[in-house]
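Here are the chains, one letter per residue:
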Amino acid sequence: MITYFHRNKSCGYSIHKVFSTLEYEIAKYESIKDHYTQTERTTPLSIYHNILFAYKNRDKYGVNHISGQIHDSIIGLIGCRKILTIHDLVFIRNASNILIKIYKLIFWVYIPILLADRTICISKQTQKEINRYIHSDKIQVIYNPIDPKIEFIPKSFNEVKPTILHVGTFWNKNLRRTIIALKDIPCHLRIIGELDNETIDMLKEYKIDYSNKKDLTDDEIRQEYIHCDIVNFPSIYEGFGMPIIEGQKTGRVVITSQLEPMIEISGNAVEYVNPYDINSIRDAYLNVINHPNHREELIRKGLINVERFDVRKIAKQYMDIYNELRK
């Protein structure tokens, strides 16, 4: 039995999406059970409740797996076989002061990694970030799997007015530089995520033709990839970067940052930009719009790159760890 502990669903769907893909494959070989924490908050009292929740629902004889973010819940699994997956350390970057940063380092990094029988990072970049704070020979990298429901769907590129799909509106997704870079480039900017008033004002100021959706289902997200011409992902911070491989799998040209882990994940099958340089981002759009042979070559390489993220390969790596812990 593999028992998964997930963060509260109200915290977002990204981790849940990754693990639902993984669990569907693992369930072909293992009995699995899912538990979702009852609170999305990170106050000391909420953390206590999450630890108690893990303790009450632990499997003393199977393998317990914390899928991400609720790292401190591993305290409730002491004495059991336990695995922790860490997606990124953005919570360290977001710490508002040094005391909160130290608190998060202790309870979300040091203690969980020391207690875990194995810690999984979803990219080498995440592992590298962790190694700045703690070293352990029990840490290894296993990539996120791509949903097999995402399929290659060929599409004629709209060179007159391409649709540029931008997934995510948090600070790291670099939407505002995207808006400035697109000034006077004929296109339609399709934005997935909640927009604030300042960003809406920017879209109007720079006269960007855009549309916006949020809270989409997985099926609706897949349709967004199918209908777009370019996947735009000039992020300034990521733990992985799912839109890169989802766009590649669909057969769309991807523009992303020449930063890790985007370089690691993209397999050099993308148009790279300096995400802090508006001219670099702008030149990337013009390059893929105006050069069809270059565009098609990136798409071809992208389809090869995504083979690394096949869910069967990723599930086998996790299964190898589960079986090793049960010896």
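The structure under discussion appears in the preceding block.
Residues numbered from 1 in each chain as written. Predicted model: local features only at pLDDT ≥ 70, side-chain atom pairs only at ≥ 80, totals over all residues. Heavy atoms only, no water.

**Focus: the overall build of the protein**
To keep it simple, the criterion reads: Counting from the N terminus, the helices are DSSP H or I runs at least four residues long and the strands are E runs at least two residues long. To get the radius of gyration, use the C-alpha atoms; to get the globule rule, take the number of residues to the power 0.38 and multiply by 2.2 Å. Throughout, a contact is declared for two residues whenever any of their heavy atoms are within 4.5 Å. To measure how exposed things are, a 1.4 Å probe is used in the Shrake-Rupley method; for residues, cover is taken only from the protein chains shown. Charged residues are defined narrowly, with Lys and Arg counted positive, Asp and Glu counted negative, and His plus the chain ends left uncounted. For this purpose, a charge sits on NZ of Lys, CZ of Arg, CG of Asp or CD of Glu.
Along the backbone of the protein there are 13 helices and 12 strands. Expected size for 327 residues packed as a compact globule is a radius of gyration near 20 Å; at 20 Å, the protein falls within 12% of this value. For the protein, restricting intrachain contacts to residue pairs at least 6 apart in sequence, the fraction spanning at least 24 positions comes to 63%. Per element, the accessible surface of the protein, about 15400 Å² overall, is 52% carbon and sulfur. Here the protein carries 44 positive and 40 negative side-chain charges, and the mean point of each set is 4 Å from the other.

**Regarding the state of the cysteines**
Cysteine pairs can be covalently joined through their sulfur atoms, and such a bond is termed a disulfide. Applicable threshold: Cysteine sulfur atoms that pair up within 2.5 Å are treated as a disulfide. Each residue is assigned to one of three classes by its accessible area relative to the maximum for its type, calculated with a 1.4 Å probe on protein chains only: buried under 20%, partly exposed between the two thresholds, exposed over 50%.
As enumerated under the stated definition, the model contains zero disulfides in all. No disulfide involves C187; its sulfur sits 12 Å from that of C228, the nearest cysteine. The class of C228 is buried, set by a relative accessible area of 0%.

**Notes on the sheet that holds strand 12 (residues 271–273)**
Inclusion rule: When DSSP finds two or more bridges between two strands, those strands count as paired. Axis lines are fitted to C-alpha atoms, over the contacting stretch for helices. Their N-to-C directions set the angle, which ranges from 0 to 180 degrees.
On the basis of which strands lie adjacent, the open sheet formed by six strands has the order 9-8-7-10-11-12 and parallel pairing. Of all strands in the sheet, those with a lone pairing partner are strand 9 (210–213) and strand 12, marking the two edges. Adjacent strand axes in the sheet meet at a mean angle of 20° when their direction is disregarded.

**Some remarks on the packing of helix 11 (residues 278–290) against helix 12 (residues 292–305)**
We count it as follows: Note on terminology: angles under 35 degrees are roughly parallel, angles over 145 are roughly antiparallel, angles of 65 to 115 are roughly perpendicular, and the others are oblique.
Two elements in contact, helix 11 and helix 12, have axes whose closest approach is 5 Å; the angle formed by their N-to-C orientations is 95°. In this view, helix 11 runs roughly perpendicular relative to helix 12, as classed from their interaxial angle. Contacts between helix 11 and helix 12 pair N287, V288, I289 and N290 from the former with P292, H294, R295 and L298 from the latter.

**Thoughts on the sheet that holds strand 4 (residues 81–86)**
Note on sheets: strands pair through backbone hydrogen bonds, and any given pair is parallel or antiparallel. Pairing is parallel in the open sheet, where six strands are placed in the order 2-1-3-4-5-6. One side of each edge strand has no neighbouring strand; the edge strands of this open sheet are strand 2 (32–36) and strand 6 (139–141). Taking the axes of each pair of neighbouring strands and ignoring which way they run, one obtains an average angle of 25° across the sheet. Relative to strand 6, strand 5 (residues 118–121) is paired through three bridges, and the arrangement is parallel. Considered in strand 6, the bridge of C121 is made with V141. Packed on one face of the sheet, helix 2 (residues 44–57) meets strand 1 (2–6) and strand 2 and runs near 165° to strand 1. Packed on one face of the sheet, helix 13 (residues 311–325) meets strand 1, strand 3 (63–66), strand 4, strand 5 and strand 6 and runs near 150° to strand 4.

**Some remarks on the packing of aromatic side chains**
Operational definition: Only rings of Phe, Tyr and Trp enter the pairing, Trp through its six-membered ring, and a pair is recorded when the two centres are within 6.5 Å. The plane angle decides the type: under 30 degrees is stacked, over 60 is edge-to-face, the rest tilted. We call a charge positioned over a ring when the NZ of a Lys or the CZ of an Arg lies within 6 Å of the ring centre and within 35 degrees of the ring normal.
Tallied over the full model, the rule gives nine aromatic pairs. Here Y143 and F309 contribute two aromatic rings whose centre-to-centre distance is 5.3 Å and whose plane-to-plane angle is 55°, an arrangement assigned as tilted. Here Y143, found in the loop between strand 6 and strand 7 (163–167), pairs with F309, found in the loop between helix 12 and helix 13; they are 166 residues apart in sequence, far enough to count as distant. We classify F309 as buried; its relative accessible area is 0%. Where F240 meets F309, the ring centres are 5.8 Å apart and the plane angle is 90°; that geometry is what we call edge-to-face. Of this pair, F240 sits in the loop between strand 10 (230–233) and helix 9 (242–250) while F309 sits in the loop between helix 12 and helix 13; the two residues are 69 residues apart in sequence, bridging distant segments of the chain. This pair shows no difference in class: F240 is buried, exactly as F309 is. Among the aromatic residues, ring-to-ring pairing joins Y4, F19, Y318 and Y322 into one connected group. Over the ring of F157 we find R295, and its NZ or CZ is 3.7 Å from the ring centre.

**Comments concerning the environment of Y318**
By the secondary structure assignment, Y318 is in helix 13. Along the sequence, Y318 and N174 sit 144 residues apart, while their C-alpha atoms lie 33 Å from each other. In contact with Y318, not counting residues within four places along its chain, are F19, L22, I26, H65, T85, I120 and I142.

**Details of the nonpolar core**
For the record, the criterion: Residues enter a nonpolar core if they are buried and are Ala, Val, Leu, Ile, Met, Phe, Trp, Tyr or Cys, with the set joined through side-chain atoms within 4.5 Å.
Ranked by size, the top nonpolar core spans 28 residues in total, and within it I26, F240, I245, Y318 and Y322 carry the most contacts. Those elements giving two or more residues to this core turn out to be strand 1, helix 1 (14–26), helix 9 and helix 13. Looking at this core, the element that brings in the most residues is helix 13, giving seven residues. Apart from the residues lying within four places of it in its own chain, the contact partners of F240 are I122, Y143, N144, I245, P261, I265 and F309.

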